[in-house]
Amino acid sequence: YGSPLFVYSEKRLRENERNLLRAFQTRYPNVIHGWSYKTNYLGAICNVLHDEGAWAEVVSEYEYQKARMLGVPGEYIIFNGPCKGKEILAQAIDEGARIHVDHLDELFMIERLANDKDRKVPVTIRLNFNTGYTEPWSRFGLNIESGQAMDVARRIGQSEHLILRGLHSHIGTFVLDPNAYGAQVQIMCDFMNAVEAQTDAEIDYIDIGGGFASQNALQGIYLPPEQVVPTVDQYAETICGVLHSALSG
């Protein structure tokens, strides 16, 4: 086969996806998993995960078109990333993708496109904030603590062509403490309640991103991964427990 050669186990891949979905879906209703194309966008890998029920989470025009080429309908694509061009945004709007707004320039572009198309476009805003557990990723998204995120939520609420439908954040990679996700979910739910109280928005979903630690020793951890890396059930238990508590009121 030549070099380099990468060998994947389809059986293990399917087992991992089923285990991830089981961990969350048995603890909380209506869970969607979006496979991150930037992690691995080999067609065979993506097709296996889509076959198991995963949506496509993409961050570029290339990845968006790759998902469409693989047969993923637009409404099953989560479109993230800070650099989305006008043409691909127009296509994503037409095809019903879930568009996550990263910054103001992008918001204004989507609003102009929606105006040109004379329609209301549902959007999700990407948030950044301090959980107290991980270094804040302030280079992406709209900040909660400064008031920027609420200002944008209000602007969307006043727009004739935009509808706020979701909230997204990503707190880091290889996050070893499930409580970091508990803090993330609580902050997002509190923000969601504040937005709904101050605008006409009805938030349909929150997207908590990825970053779960895997069973590898590539991150400079001192103990064996099986001793320090939480299981997917531990992540799910914390996340879903906070969700139930935060939304019960």
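Parameters and conventions
Each chain has its residues counted from 1, running along the sequence as written. It should be noted that, the model being predicted, local features are given only for residues of pLDDT at least 70 and side-chain atom pairs only at 80 or more, the latter also being counted only at that level, while totals for whole chains, interfaces and linings use all residues. Side-chain figures throughout are based on the complete set of non-hydrogen atoms in the structure, without hydrogens or water. Here a helix means four or more residues in a row that DSSP labels H or I, a strand means two or more in a row labelled E, and each is numbered from the N terminus. Here the globule rule is a power law, 2.2 Å times the number of residues to the power 0.38, and the radius of gyration is based on C-alpha atoms. Per-residue accessibility, obtained with a 1.4 Å probe over protein chains only, is compared with the maximum for each type, and a residue is labelled buried under 20%, exposed over 50%, and partly exposed between these values. Any two residues having at least one pair of non-hydrogen atoms within 4.5 Å are treated as being in contact. The accessible surface values rely on the Shrake-Rupley method and a 1.4 Å probe; as for residues, cover is taken only from the protein chains in view. As used throughout, the charge tally considers Lys and Arg to be positive and Asp and Glu to be negative, leaving His and the chain termini uncounted. Here, a salt bridge means any side-chain nitrogen of Lys or Arg that lies within 4 Å of a carboxyl oxygen of Asp or Glu. Axis lines are fitted to C-alpha atoms, over the contacting stretch for helices. Their N-to-C directions set the angle, which ranges from 0 to 180 degrees. Reported orientations rely on four angle classes, namely roughly parallel under 35 degrees, roughly antiparallel over 145, roughly perpendicular from 65 to 115, and oblique for the rest. The crossing is said to be left-handed when, going from far helix to near helix, the turn is anticlockwise and less than a right angle, and right-handed when the turn is clockwise. Under the scheme applied here, ten amino acids are nonpolar (Ala, Val, Leu, Ile, Met, Phe, Trp, Tyr, Cys and Pro), four are charged (Asp, Glu, Lys and Arg), and all others, including Gly, are polar. Any pair of nitrogen or oxygen atoms within 3.5 Å is treated as a polar contact; in protein, a donor-acceptor pairing is required on top of that, and neighbouring residues in sequence qualify only through side-chain atoms on both sides.

(A) Spatial organisation of the overall build of the chain. The number of helices and strands found in the chain is nine helices and eight strands. The C-alpha radius of gyration computed for the chain amounts to 19 Å, which stays within 12% of the reference 18 Å derived for 249 residues, consistent with globular compactness. Expressed as lengths along the three principal axes of its C-alpha atoms, the size of the chain is roughly 50 × 45 × 30 Å. A burial count over the chain gives 45% of its 249 residues as buried. In the chain, the proportion of contacts linking residues at least 24 apart, taken out of those at least 6 apart, comes to 59%. For the chain, the exposed area adds up to about 13,100 Å²; of that, 50% sits on carbon and sulfur atoms.

(B) Looking closely at the side chain of Glu-63. Its location among the elements puts Glu-63 in helix α3 (residues 61-69). Of the side chains bearing the opposite charge, Lys-38 lies closest to the buried Glu-63, which forms no salt bridge; the N-O distance is 6.6 Å. Other than its neighbours up to four places away in sequence, Glu-63 contacts Tyr-37, Lys-38, Tyr-41, Glu-57 and Val-58.

(C) Representation of the packing of helix α6 (residues 148-158) against helix α7 (residues 178-198) in the model. The geometry of α6 relative to α7 is characterised by a closest axis approach of 10 Å and an angle of 40 degrees between their N-to-C directions. By the criterion of interaxial angle, the relationship of α6 to α7 is oblique. Regarding α6 and α7, the two cross each other, and that crossing is right-handed. The residues of α7 that touch α6, namely those facing Ala-149, Met-150, Ala-153 and Arg-154, are Phe-191, Ala-194, Val-195 and Gln-198. Within the contact of α6 with α7, the residues separate by chemical class into six nonpolar, one polar and one charged.

(D) Molecular detail of the environment of Gly-182. With respect to the helices and strands, the residue Gly-182 is situated in helix α7. The exposure class assigned to Gly-182 is buried, which follows from its relative accessible area of 8%. For the pair formed by Gly-182 and Ile-239, sequence separation is 57 residues and the distance between their alpha carbons is 5.2 Å. Those residues in contact with Gly-182, other than ones at most four positions away along the chain, are Thr-238 and Val-242.

(E) Structural context of the side chain of Thr-199. Relative to the assigned elements, Thr-199 resides in the loop between α7 and β8 (205-207). According to the relative accessible area criterion, Thr-199 is buried, its value standing at 12%. Looking at Thr-199, its side chain comes within polar contact range of the main-chain nitrogen of Ala-201, at 3.1 Å. Discounting residues that sit within four places of it in the chain, Thr-199 has contacts with Ala-153 and Arg-154.

(F) Fine view of the pattern of salt bridges. Applying the stated rule across the entire model yields 17 salt bridges. Residue Glu-10 is joined to Arg-14 by a salt bridge in which the shortest nitrogen-to-oxygen separation is 2.9 Å. Of this pair, Glu-10 and Arg-14 both sit in helix α1 (residues 10-25), four residues apart, which is roughly one turn of that helix. Across the salt bridge formed by Glu-52 and Arg-14, the nearest N and O atoms sit 2.6 Å from each other.

(G) Up close: unusual backbone geometry. Of note, the bond from Ser-3 into Pro-4 is cis; its omega dihedral lies within 30 degrees of zero at 0 degrees. Following the sequence through the fold, Pro-4 ends up in the segment before α1. Of note, Asp-118 is a non-glycine position whose phi angle comes to about 55 degrees, a positive value. Classification of Asp-118 as exposed rests on a relative accessible area of 64%. A positive phi angle, near 50 degrees, is found at Phe-174, a position not held by glycine. Relative to the elements of secondary structure, Phe-174 occurs in the loop between β7 (162-169) and α7.

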